[in-house]
Amino acid sequence: MTRSDDSITRRQENRPGLTRSLSRYDLLLAFMPTVFLVSIVVGNLLSIGVQTAFTGASLVGVIALVDALFLHPPEGAGRA
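Worth saying up front: this structure is predicted, and the values here are computed from it rather than measured. (Residues numbered from 1 in each chain as written. Predicted model: local features only at pLDDT ≥ 70, side-chain atom pairs only at ≥ 80, totals over all residues. Heavy atoms only, no water.)

A. Layout of a nonpolar patch on the surface. A contiguous nonpolar patch, built from V38, V41, V42, L45, L46 and I48 and spanning about 540 Å² of accessible area, is present on the exposed surface. Take V41: it is sitting in helix α2 (residues 24-45). Taking the relative accessible area as the measure of exposure, V41 reaches 48% and is therefore partly exposed. (Patch = residues over 30% accessible without salt bridge, like charges linked within 9 Å, V, L, I, M, F, W, Y side chains within 5 Å. Areas by Shrake-Rupley, 256 points an atom, 1.4 Å probe, with all protein chains shown as cover. Salt bridge = Lys/Arg side-chain N within 4 Å of Asp/Glu carboxyl O. Helix = DSSP H or I, 4+ residues; strand = E, 2+ residues; numbered from the N terminus. Buried < 20%, exposed > 50% of the residue type's maximum accessible area, 1.4 Å probe, protein only.)

Structure follows, in structure tokens:
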């Protein structure tokens, strides 16, 4: 019989003093919208058009996405 990751997570959450750290992919998910927010702020400060700011943010987002999916894919991806 195999253990599910959910049961392991529940047991770890019940232990006092054990904190769950953010994974690389959690940080990537937080990074993507942050890049767009920063591009809006920088675009307004430097009087750059919204389309230009979003184009730059999109390029940064694509680079991060390619890195996460193809250059450093998640461990165990594709296992059944």
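Additional details are given in the paragraphs that follow.
B. Representation of helix α3 (residues 50-71) within the structure. In this model, α3 (22 residues) spans 30 Å end to end at C-alpha, consistent with the 32 Å of a helix rising 1.5 Å per residue. All buried positions along α3 are accounted for by A53, A57, G61, A64 and A68. Down the axis of α3, the smallest arc covering the buried residues is 60°, so these residues share one side. In α3, the exposed positions angled more than 90 degrees off the buried face are occupied by Q51, T52, L59, I63, F70 and L71. Contact partners of the buried residues in α3: α2. (Expected span 1.5 Å × (residues − 1). Arc of directions from axis to C-beta. Contact = heavy atoms within 4.5 Å.)

C. The arrangement of unusual backbone geometry in detail. The phi torsion at S47 lies on the positive side, around 55°, for a residue other than glycine. The exposed category is assigned to S47, whose relative accessible area is 69%.

D. Here's a closer look at empty space enclosed by the protein. Under the criterion given, the structure shown has one cavity of 30 Å³ or more. Reported here for the largest cavity is a volume of approximately 50 Å³. Taken together, S39, I40, G43, N44, I48, G49, V50, A53 and F54 make up the full set of residues lining the largest cavity. Elements that contribute at least two residues to the lining of the largest cavity include exactly α2 and α3. By residue number, the principal contributor to the lining of the largest cavity is α2, which donates four residues. Considering only residue class, the lining of the largest cavity consists of five nonpolar, four polar and no charged. (1 Å grid on protein atoms, 1.4 Å probe; cavity = no way out; pocket = protein on both sides within 12 Å on 5 of 7 lines; lining within 4 Å. Points joined across faces, edges and corners; volume = space filled by probe spheres on them. Nonpolar A, V, L, I, M, F, W, Y, C, P; charged D, E, K, R; others polar.)

Worth remembering: the numbers are spatial, not functional.
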